[in-house]
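Each chain is listed here by its residues.
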Amino acid sequence: MASSLTKDSASPGIPGSGKTFFGHPRGLATLFMTEMWERFSYYGMRALLPLYLVAPGGMAMSAGTATAVYSVYLSLVYLLTMPGGWFADRILGPRKTVAAAGVVIMLGHLTLALPSAGTFYAGLGLVAIGSGLLKANISTMVGQLYDGPDDPRRDGGFTVFYMGINLGAFAAPLVIGTVGENVGWHFGFALAAVGMGLGLLQFLLGSRHLAPQSSVVPKPLSAAEKSATLRKSALWAGIAVVAYAVVGLSGNYTLNWILVPLTLLGVIIPVLVLVRIKRDRELDRDEQSKMSAYIWFFVAAAVFWMIYDQGGSTLSIFANASADNSVFGWEFPVSWYQSVNPVLIMALAPVFAWFWLALNRRGKEPSTIVKFGSGLVLVGASFFLFLAPLSIAEGGHKAAAAWLVAIYFTQTVGELLLSPVGLSVTTKMAPAKYASQMMGVWFLAVTAGDATTGLLSIAGVDLNRPGVVAMEATLAVVAGVAVWMYRSKVKALMGDVR
């Protein structure tokens, strides 16, 4: 990356020595590399996780239990982005919080690398906590590199940063997946720890190029607030310890004592957050109207992510058991399927950006609602497509790898229609009072979707059954059509947002 750093005149208020990273503040190189390595560790471990959970030499779980654990883990990662943002805003500031997050994530992967079932869940918990702390704050620091929202380089900077995410996500299954499946599961988890260690080292060495405000605690806790927060935290921790000690000592403990409460929290907390914002009497009529419209987008997004994130669990477990994972006779690791999405994102995102711009110039660019609804229909179509390899497998044959690639391709196109629009509409429709919190609210849609998948799996629903897959596909398509049919009503609620 050093070759991409070029000399430029320093801009007032922009950190750095005057060198730039592809024409952007030099601090972007630090954040780009940090996020790339963090995503390398995260997606590498995530690609191995469902396979390790069902493997005889791993946790030897049933497919349903493995899907539940995987879904709960993902829902926690996104659920913890809100407290992660609060932690930076009130206690450490973004820069120190991201550094602490890197340490926690690395320790989590190292814990997963220990050949012990007893430490496995502790490792998952540490990675989830660290990811929540990091995810909430590293994007904030990217924004701080620029001279306000009107800086012409700002959107391009986030695009470069987004490429770092996908580079890490693309390489991770190819490297960590191969080592985990062919050498040893715990060697794969250890390699994820090395990846996070490299990201942390990059961050610490390059943090001098970040904006000064990244070290500022925007709204530090007062002494009284710190005391109250510690008391409440200790109280709830004590209640949890006592409750689980009683269950454990009584001999009634099962994995569901952990999974069920966490999945319920993943559904209940997003609902409570939306209700709290919607019922806030300080919001004016226009803000209330926009929040009513936003709930439509939120529910639709939860349905989307419920299906989309099964690409790493339901589809991966199916590929492991029932697919011919080979090309021209050459067999590849199952985890490699998880590289399909990021490479397609990198290939298709510029095409979509050009396409929307071309349509906009002609006055024909689809509205936010149409894009959103189309994304839902496509993710539903991907599961209708999934019915074909399921049928092949039921006939006693191995499904071709091309079927799975086609499913991931369809889901990726749906993601490109829905995800950027969702992020944009979240910032545009956020009430002024909750402007800094609304991105966390958007992530809660992912939490709700993944927690719903977890609840279905815990309830004994076989997500690889054709009937269940068809039901989920129909739900997504119906939701997409409903968004389109009620577009006039939603547009009216959105006010001046388009």
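Here's a quick rundown of the structure. (Residues numbered from 1 in each chain as written. Predicted model: local features only at pLDDT ≥ 70, side-chain atom pairs only at ≥ 80, totals over all residues. Heavy atoms only, no water.)

## Observations concerning the overall build of the protein chain
Just so we agree on the cut-off: Strands here are runs of E lasting at least two residues and helices are runs of H or I lasting at least four, both read from the DSSP assignment and numbered beginning at the N terminus. For this measure, only C-alpha atoms enter the radius of gyration; the expected value for a globule follows 2.2 Å times N^0.38, where N is the number of residues. Between buried and exposed lies partly exposed: a residue is buried under 20% and exposed over 50% of the maximum accessible area for its type, with that area taken using a 1.4 Å probe on protein chains only. Residues are treated as being in contact if the distance between any of their heavy atoms lies within 4.5 Å.
A tally of helices and strands in the protein chain yields 17 helices and 7 strands. Its C-alpha atoms give the protein chain a radius of gyration of 23 Å, within 12% of the compact-globule value 23 Å for 498 residues. Overall, the protein chain is about 65 × 55 × 55 Å in size when its C-alpha atoms are taken along their principal axes. Taken across its 498 residues, the protein chain has 50% of its residues classed as buried. In the protein chain, of all internal contacts separated by at least 6 residues, the share reaching a separation of at least 24 is 79%.

## What about the packing of aromatic side chains?
The condition that has to hold: Classification of ring pairs rests on two measures: the distance between centres of Phe, Tyr or Trp rings, Trp counted by its six-membered ring, which must be within 6.5 Å, and the angle between planes, read as stacked under 30 degrees, edge-to-face over 60 and tilted in between.
Under the counting rule described, the total for this entry stands at 22 aromatic pairs. With a centroid separation of 5.5 Å and an interplanar angle of 40°, the aromatic rings of Tyr52 and Phe120 are classed as tilted. Here Phe120 lies in helix H5 (residues 117–144) and Tyr52 lies in helix H1 (residues 27–54), a separation of 68 residues in the sequence. The burial state of Tyr52 is the same as that of Phe120; both residues are buried. Ring centres 5.5 Å apart and planes at 20° place the aromatic pair Phe304 and Tyr308 in the stacked group. Of this pair, Phe304 and Tyr308 both sit in helix H10 (residues 285–308), 4 residues apart, which is roughly one turn of that helix. Residue Phe304 is classed as buried on the basis of its relative accessible area, which comes to 0%.

## A closer look at the side chain of Ser339
Going by this rule: For the purposes of these results, a polar contact is taken to be a pair of N or O atoms within 3.5 Å, where, inside protein, one atom must be able to donate a hydrogen and its partner to accept one; residues adjacent in sequence count only when each atom of the pair is a side-chain atom.
Position of Ser339 among the secondary structure elements: in the loop between strand E6 (330–331) and helix H12 (340–361). Overall, Ser339 belongs to the buried group, its relative accessible area being 4%. In this structure the side chain of Ser339 is engaged in a polar contact, spanning 2.6 Å, whose partner is the backbone oxygen of Phe170. The residues contacting Ser339, other than those within four sequence positions of it, are Ala169, Phe170, Pro173 and Leu174.

## Points about the pattern of salt bridges
Quick note on the threshold: By definition here, a salt bridge exists when the distance from a side-chain nitrogen of Lys or Arg to a carboxyl oxygen of Asp or Glu is within 4 Å.
Within this structure, the stated rule accounts for 7 salt bridges. The partner of Glu38 in a salt bridge is Arg39, with the nearest N and O atoms 2.7 Å apart. Judged by relative accessible area, Glu38 falls into the buried class, the value being 1%. A residue is classified by how much of its surface remains accessible, and Arg39, at 3% relative accessible area, is buried. One salt bridge connects Lys433 with Glu282, and the closest N-O pair in it is separated by 3.2 Å. Taken together, the residues Lys433 in the loop between helix H14 (401–429) and helix H15 (438–458) and Glu282 in the loop between helix H9 (256–278) and H10 connect sequence positions 151 residues apart. One network of salt bridges, in which partners are shared, links Asp280, Glu282 and Lys433.

## Some details on the packing of helix H2 (residues 63–79) against H5
How we decide: Only the stretch in contact is used when a helix axis is fitted, and all axes are lines through C-alpha atoms; the angle between N-to-C directions ranges over 0 to 180 degrees. Put simply, angles under 35 degrees are roughly parallel, angles over 145 are roughly antiparallel, angles from 65 to 115 are roughly perpendicular, and the rest are oblique. In this scheme the handedness of a crossing depends on how the near helix is turned from the far one: anticlockwise by less than a right angle means left-handed, clockwise means right-handed. Gly is placed with the polar residues, together with every amino acid not listed as nonpolar (Ala, Val, Leu, Ile, Met, Phe, Trp, Tyr, Cys and Pro) or charged (Asp, Glu, Lys and Arg).
In contact at an axis separation of 7 Å, H2 and H5 are set at 30° when each is read in the N-to-C sense. Considering the angle they form, H2 stands roughly parallel to H5. Handedness of the H2/H5 crossing: right-handed. Side by side, H2 and H5 meet where Val69, Tyr73, Leu76, Val77 and Tyr78 of the first sit next to Tyr121, Leu124, Val127, Ala128, Ser131, Gly132 and Lys135 of the second. Classifying every residue of the contact of H2 with H5 gives 9 nonpolar, 2 polar and 1 charged.

## Observations concerning unusual backbone geometry
The phi dihedral of Ala60 falls on the positive side, at around 55°, and the residue is not glycine. Mapped onto the fold, Ala60 is located in the loop between H1 and H2. Positive phi, normally seen in glycine, also occurs at Phe328, with a value near 50°. When you line up the elements, Phe328 lands in the loop between strand E5 (326–327) and E6.

## Quick notes on the layout of surface pockets
Heads up, the condition is: Each cavity reported here is a set of points on a 1 Å grid over the protein atoms alone in which a 1.4 Å probe fits but cannot get out, each pocket an open set with protein on both sides within 12 Å along at least five of seven lines, and each lining residue one with an atom within 4 Å of a point. Grid points are joined across faces, edges and corners, and a volume is the space filled by probe spheres set on the points.
Roughly 1,100 Å³ of volume is contained in the second largest pocket. Along its surface, the second largest pocket is lined by 29 residues, and Leu76, Leu80, Pro83, Ile129 and Leu262 are the ones closest to its centre. Counting only elements with at least two residues in the lining of the second largest pocket, the list comes to H2, helix H3 (81–92), H5, helix H8 (223–249) and H9. At 10 residues, H8 tops the list of elements feeding residues into the lining of the second largest pocket.

## Quick word on the nonpolar core
Put simply, the rule is: Residues belong to one nonpolar core when they are buried, are Ala, Val, Leu, Ile, Met, Phe, Trp, Tyr or Cys, and are joined through side-chain atoms within 4.5 Å.
Counting residues in hydrophobic clusters, the biggest one holds 101 residues, and the most contacted among them are Met45, Tyr73, Tyr294, Tyr337 and Leu404. If one sorts the elements of this core by residue count, H10 sits on top with 13 residues. Residues Met141, Tyr146, Val160 and Ile165 belong to the second largest nonpolar core, which totals 24 residues.

## Observations concerning H9
The test is simple: What a helix should span is 1.5 Å times the count of its residues minus one.
End to end, H9 covers 33 Å across 23 residues, agreeing with the expected 33 Å (1.5 Å per residue, within 8%). Every buried residue belonging to H9 is among Leu259, Thr263, Gly266, Pro270, Val273, Leu274 and Ile277, and all of these are buried. Those residues of H9 that are buried lie in contact with H2, H10 and H15.

## What about the side chain of Asn325?
Inspection of the secondary structure puts Asn325 in the loop between strand E4 (323–324) and E5. Judged by its relative accessible area of 7%, Asn325 falls in the buried class. At 2.7 Å, the side chain of Asn325 and the side chain of Tyr337 are in polar contact. Beyond its immediate sequence surroundings of up to four residues, Asn325 is in contact with Ala319, Trp330, Glu331, Phe332, Val334 and Tyr337.

## Side note on the environment of Thr67
Within the secondary structure layout, Thr67 lies in helix H2. Using a relative accessible area of 5% as the deciding quantity, one classes Thr67 as buried. Sequence separation of Thr67 and Thr453 is 386 residues, and the distance between their C-alpha atoms is 7.9 Å. Sequence-distant contacts of Thr67, defined by excluding residues within four places in its chain, comprise Ser313, Thr314, Ile317, Thr453, Ser457 and Leu463. Within the structure, Thr67 has its side chain in polar contact with the backbone oxygen of Ala63 (distance 2.9 Å).

## Quick look at the packing of H1 against helix H11 (residues 314–322)
At a minimum axis distance of 9 Å, the contact between H1 and H11 shows a crossing angle of 55°. Between H1 and H11, the angle falls in the class oblique. Along this stretch, H1 crosses H11, giving a crossing that reads as right-handed. Along the contact surface, H1 presents Pro50, Leu51 and Val54, while H11 presents Ser316, Ile317 and Asn320.

Functional significance is not addressed by these values, which are geometric in nature.
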